[in-house]
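# Summary of the model geometry
Chain by chain, the residues:
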Amino acid sequence: MNNINTRGTWLTSKLALPYLKASSNAHILNLSPPLSMESKWFKNHTAYSIAKYGMSLCVLGMSAEFQKHKIAVNALWPLTTIATEALKMIPNPNLVSRNTDIISDSAHLILTKPSSEKCNTGNFYLDELLLRKHGVVDFEKYNAVPNTPIGKLTLDFFLDPKQVEEVMKLRAQQ
């Protein structure tokens, strides 16, 4: 896991750097969680947590390191579980997920922002929070099972309680 997630993120970014420097709008986007150093995220799956947090640490370090080259480095993480092939390997009838389109739409928003602007680097975005802040109010198209009430969706791991609270406030306002 660490060779793929952490080392892979670092090495791919390093090897892509010459091409990113030549780009007019260069971005690195990691699918990694916001950093939250609570033991609950480590106690049952330490190796996985280290691997994912290593990717997040790459965002933190590279966003500062590559800023002089106007390369934006950010992370995106789902608020809810996503119906991926990996999740299907863990049968759990209690998981109520969204489809991958929510990640695609969120990534598009991030990757089309000007990488040269300081506010567009070093961020740990949550998919739903980002989309809501950009005016999206209908999330039904993202449900893996149509007509799933929003409150029935399963929250993902590694979530920052402040970000979750912000999403809940926006949900209530919209």
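Located above this text is the structure these notes cover.
None of these values were measured; they are calculated from a predicted model. (Residues numbered from 1 in each chain as written. Predicted model: local features only at pLDDT ≥ 70, side-chain atom pairs only at ≥ 80, totals over all residues. Heavy atoms only, no water.)

Moving on to the environment of Val59. Topologically, Val59 is positioned in helix H2 (residues 46-65). Linking Val59 and Gly122, residues 63 residues apart in sequence, is a C-alpha distance of 6.1 Å. The residues touching Val59, leaving out its near neighbours within four places in the chain, are Asn30, Ser32, Val73, Asn74, Ala75, Gly122, Asn123 and Phe124. (Helix = DSSP H or I, 4+ residues; strand = E, 2+ residues; numbered from the N terminus. Contact = heavy atoms within 4.5 Å.)

Counted by the stated rule, this structure contains 8 salt bridges. Counted as one network, the salt bridges with shared partners bring together Arg98, Glu128, Arg132 and Arg171. (Salt bridge = Lys/Arg side-chain N within 4 Å of Asp/Glu carboxyl O.)

Let's shift gears to the packing of aromatic side chains. Scanning all chains against the criterion turns up 7 aromatic pairs. Ring centres of Trp77 and Phe158 lie 5.9 Å apart, and the angle between their planes is 65 degrees; this geometry places the pair in the edge-to-face category. Residue Trp77 is located in strand E2 (residues 71-77), and its partner Phe158 is located in the loop between helix H5 (127-133) and helix H6 (161-173); the two are separated by 81 residues in the primary sequence. Taken individually, Trp77 and Phe158 each receive the classification buried, so the pair is uniform in this respect. (Phe/Tyr/Trp six-rings, centres within 6.5 Å; stacked < 30°, edge-to-face > 60°. Buried < 20%, exposed > 50% of the residue type's maximum accessible area, 1.4 Å probe, protein only.)

Mapping Thr81 onto the fold places it in the loop between E2 and helix H3 (85-88). Using a relative accessible area of 7% as the deciding quantity, one classes Thr81 as buried. Residues within four places of Thr81 in sequence aside, it is in contact with Leu87, Leu95, Val96, Ser97, Arg98, Thr154, Leu155 and Asp156.

One can describe the packing of helix H1 (residues 3-22) onto H2 by two numbers: an axis separation of 7 Å at closest approach and a directional angle of 30 degrees. By the criterion of interaxial angle, the relationship of H1 to H2 is roughly parallel. Taken together, the residues of H2 that come into contact with H1 (itself represented by Asn5, Thr6, Thr9, Trp10 and Ser13) are Ile50, Ala51, Lys52, Gly54, Met55, Cys58 and Met62. Looking at the contact of H1 with H2, its residues break down into 6 nonpolar, 5 polar and 1 charged. (Axes fitted to C-alpha atoms, helices over the stretch in contact; angles between N-to-C directions. Parallel < 35°, antiparallel > 145°, perpendicular 65-115°, else oblique. Nonpolar A, V, L, I, M, F, W, Y, C, P; charged D, E, K, R; others polar.)

All right, on to the nonpolar core then. A general trend in soluble globular proteins is that nonpolar side chains are found buried together. Among the nonpolar cores identified, the biggest contains 12 residues, and these are Leu17, Leu20, Ala26, Ile28, Cys58, Val59, Met62, Phe66, Ile71, Val73, Ala75 and Phe124. If near-sequence neighbours (up to four positions away) are discounted, Phe66 is found in contact with Leu17, Ile28, Ile71 and Val73. (Core = buried A, V, L, I, M, F, W, Y, C linked by side-chain atoms within 4.5 Å.)

Bringing the layout of surface pockets into the picture now. Put simply, the largest pocket is a space of about 690 Å³. Together, 22 residues line the largest pocket, and Tyr48, Trp77, Thr84, Ala86 and Asp156 are the ones closest to its centre. For the lining of the largest pocket, the element with the most residues is H2, which contributes 3 residues. A breakdown of the residues in the lining of the largest pocket according to their chemical character gives 15 nonpolar, 5 polar and 2 charged. (1 Å grid on protein atoms, 1.4 Å probe; cavity = no way out; pocket = protein on both sides within 12 Å on 5 of 7 lines; lining within 4 Å. Points joined across faces, edges and corners; volume = space filled by probe spheres on them.)

Shape descriptors only; they carry no functional weight alone.
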